[in-house]
Amino acid sequence: MDSELTALAQNASLTLVTLMATDVWERTRDGVVALWRRAWPERADAVAAELDSTREDLAADLAAEDELAAEWQGRIRRLLVGRPEAAVELRSLLDELAPHTAHAPAVSQRATASGDSRIYQAGRDLRITE
C-alpha cells in the first residue's frame, strides 16, 4: 500500500477515535458511514454498529484509545486498498472535521475507593444497570 494512503488511514483513525467524545461525534459517524455506504454499501450498517461499539468501549476504558484507533486504522486501510478513490472523500471529511480535533477534550479521571464503596466514572455517557 502506498505510504500516503497508510498515513491517511492512520490520521483518519486517530481523528475518528478522538472525536468520539465530542459534540461533533454524530457528524463524524455519519460521514464515516456515508463513506462506506458509497464504497461498500453492503458493509455500511455493520460499520455503523462497529462505530457505536467502539464509542462504548472508549467510554468504558479511555486507556484503550490507541488500541481502538489501531483497529480503525486497519479497517480504513482495507477500505482504501479496496477502493482507492475513497481517499478523496476521506480527505474531504478530515478537512471538514479538522477544526474540531484541536478542541477535543482531554479527559483524566482518578478515584479511590475503600471498604464496600463503588465508583462510577465516565468521560461522557454512563449507564448503570444493576
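Note that the structure is a prediction, hence the values are computed from the model and not measured. (Residues numbered from 1 in each chain as written. Predicted model: local features only at pLDDT ≥ 70, side-chain atom pairs only at ≥ 80, totals over all residues. Heavy atoms only, no water.)

Novice: Looking at this structure, how should I read a nonpolar patch on the surface?
Specialist: Among the surface-exposed residues, Tyr-120, Leu-126 and Ile-128 lie close enough to one another that they form a single nonpolar patch of about 280 Å² accessible area. When you line up the elements, Tyr-120 lands in the segment after α5 (86–101). Relative accessible area serves as the criterion here: at 40%, Tyr-120 is assigned to the partly exposed category. (Patch = residues over 30% accessible without salt bridge, like charges linked within 9 Å, V, L, I, M, F, W, Y side chains within 5 Å. Areas by Shrake-Rupley, 256 points an atom, 1.4 Å probe, with all protein chains shown as cover. Salt bridge = Lys/Arg side-chain N within 4 Å of Asp/Glu carboxyl O. Helix = DSSP H or I, 4+ residues; strand = E, 2+ residues; numbered from the N terminus. Buried < 20%, exposed > 50% of the residue type's maximum accessible area, 1.4 Å probe, protein only.)

Novice: Before we go on, may I ask you to explain the environment of Trp-72 in this structure?
Specialist: Within the element layout of this structure, Trp-72 appears in helix α4 (residues 65–82). The spatial distance from the C-alpha of Trp-72 to the C-alpha of Thr-6 is 12 Å, given a sequence separation of 66 residues. Every residue in contact with Trp-72, bar those within four places of it in the chain, is listed here: Ser-13, Leu-16, Met-20, Trp-36, Val-47, Glu-50, Leu-51 and Thr-54. Separated by 2.9 Å, the side chains of Trp-72 and Thr-54 make a polar contact. (Contact = heavy atoms within 4.5 Å. Polar contact = N/O pair within 3.5 Å; in protein donor to acceptor, adjacent residues only side chain to side chain.)

Novice: Is there a simple way to explain the nonpolar core in this structure?
Specialist: Burial of nonpolar side chains together is a common tendency in soluble globular proteins. Ranked by internal contacts, the top residues of the largest apolar core, which has 34 residues, are Trp-36, Leu-51, Leu-80 and Leu-90. Residue assignment for this core shows that the elements contributing at least two residues are α1 (3–18), α2 (25–39), α3 (44–60), α4 and α5. (Core = buried A, V, L, I, M, F, W, Y, C linked by side-chain atoms within 4.5 Å.)

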